[in-house]
Amino acid sequence: MTDRYGVIGHPVAHSKSPVIHQMFARQTRQDISYETFDVPPDDLRAALKRFADDGIKGLNVTVPHKSAVCQFVDTLSGRARLAGAANTLIIHRDGKIEGDNTDGIGLVNDLTDDLGFTIEDARILILGAGGATRGIVPALLRDLPENLLIANRTAEKARSIASDFSELGRVSACQFNEIEGQQFDLVINATSAGLHGDVPPFPESILGADTICYDLSYAMADTPFVAWAKAHGCSEAYQGWGMLVRQAAESFYLWRGHQPDIHPVRRHLP
Ligand code: ATR
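From a predicted model like this one, the values you see are computed outputs, not experimental measurements. (Residues numbered from 1 in each chain as written. Predicted model: local features only at pLDDT ≥ 70, side-chain atom pairs only at ≥ 80, totals over all residues. Heavy atoms only, no water.)

Where helix α5 (residues 131-142) is concerned, the buried positions are Thr133, Gly135, Ile136, Val137, Pro138, Ala139, Leu140 and Leu141. Just downstream of α5 lies leucine 144, where phi reads positive at about 55°. (Buried < 20%, exposed > 50% of the residue type's maximum accessible area, 1.4 Å probe, protein only. Helix = DSSP H or I, 4+ residues; strand = E, 2+ residues; numbered from the N terminus.)

Our focus in this paragraph is the domain arrangement of the protein. For the protein, the domain assignment lists domain 1 (3-101) and domain 2 (104-242). Computed from C-alpha atoms alone, the centre-to-centre distance between domain 1 and domain 2 is 26 Å. On the side of domain 2, eight residues touch domain 1, which itself brings five residues to the contact. Both faces combined, the contact of domain 1 with domain 2 buries some 550 Å², and carbon together with sulfur accounts for 67% of it. If you sort the residues of domain 1 by the area they bury against domain 2, Lys16, Leu82 and Ala83 come out on top, with a joint share of 68%. Seen at the junction of domain 1 and domain 2, the total is zero salt bridges. Counting across the domain 1 and domain 2 interface gives zero residue pairs in polar contact (both at pLDDT 80 or more). Its residues assigned to classes, the side of domain 1 that touches domain 2 comprises two nonpolar, one polar and two charged. (Domains from an automatic or database assignment. Contact = heavy atoms within 4.5 Å. Buried area = accessible area lost by both parts, 1.4 Å probe. Salt bridge = Lys/Arg side-chain N within 4 Å of Asp/Glu carboxyl O. Polar contact = N/O pair within 3.5 Å; in protein donor to acceptor, adjacent residues only side chain to side chain. Nonpolar A, V, L, I, M, F, W, Y, C, P; charged D, E, K, R; others polar.)

Let's shift gears to the layout of surface pockets. In this structure, the second largest pocket encloses a volume near 230 Å³. Taken together, Arg79, Leu82, Ala83, Asn101, Gly104, Ile105, Gly135, Pro138, Ala139, Leu141, Arg142 and Leu168 form the lining of the second largest pocket. Ranked by residue count, the leading element in the lining of the second largest pocket is α5, at five residues. Looking at the lining of the second largest pocket residue by residue, the class counts come to seven nonpolar, three polar and two charged. Among the domains, domain 1 (3-101) and domain 2 (104-242) are the pair contributing at least three residues each to the lining of the second largest pocket. (1 Å grid on protein atoms, 1.4 Å probe; cavity = no way out; pocket = protein on both sides within 12 Å on 5 of 7 lines; lining within 4 Å. Points joined across faces, edges and corners; volume = space filled by probe spheres on them.)

A few words on the state of the cysteines. Under the definition given, this model contains zero disulfides. Its sulfur unpaired, cysteine 174 is 16 Å from the next cysteine sulfur, which belongs to cysteine 213. For cysteine 174, a relative accessible area of 5% puts it in the buried group. With no disulfide of its own, cysteine 234 lies 3.8 Å from the sulfur of cysteine 213, the closest cysteine sulfur. Overall, the relative accessible area of 7% leaves cysteine 234 in the buried class. (Disulfide = S-S within 2.5 Å.)

Right under this line is the structure:
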């Protein structure tokens, strides 16, 4: 019988996850279906129960449910607990739901395998201090960057994340205006400003000749952050398409025990 999977979000119709997982399934000869489920926040708890009752085997979780879903699952992996967010749910035969988070490993695999970036000893700046930042900080720290600075409009939120992860490596926090004049090997945009077409007031002095810019967001055309980086002379500015495919591959592996080849799928996307 075909095993059912899907992605929950609100809105979710635009999601590329069905295409990605269907390509993985064809490639690894897995008999699965993958749907989008629009779940409003006030229906999240009841919806999870319905999915488990309906025999759905696993779900990806996207905006705005990644943090909220943690309170409704039965168990959380170590990395999901650290992140305070889950992007992957495994629904066991007995209906128990396990939350995991493959966003961090998805980003790290894209940076290292696809972009050839070495995290060890790198100076990394993360712009933004929301759920997305929490998801990637532990995975980045594991590869021992020289330092990881989190800059946010609301400095307090950046400090809180830095303090939560201080035992994992060298991580500090500040406000956007305090990064003026500092330079980084990698600048990651983890703010949601681009969703509203905005670019926060990041000082352009953070871009050196060899700085790589990476936006966790993705769009058919350049995201506002990627456009900003290119306009200020950055020659390597990427959107998060690679991370999207990589986190999906890790979810697929958790569900099916098969590691798909991400490259044909990556080439299929912008
Ligand atoms: P996500 O789960 O996607 O990270 P979030 O938790 O709502 O979403 O966090 C959004 C992040 O984008 C926050 O760091 C937010 O800054 P504040 O903490 O100061 O609110 C940042 N952000 C959103 N819109 C922004 C804007 N126009 N300028 C600067 N930062 C912005």
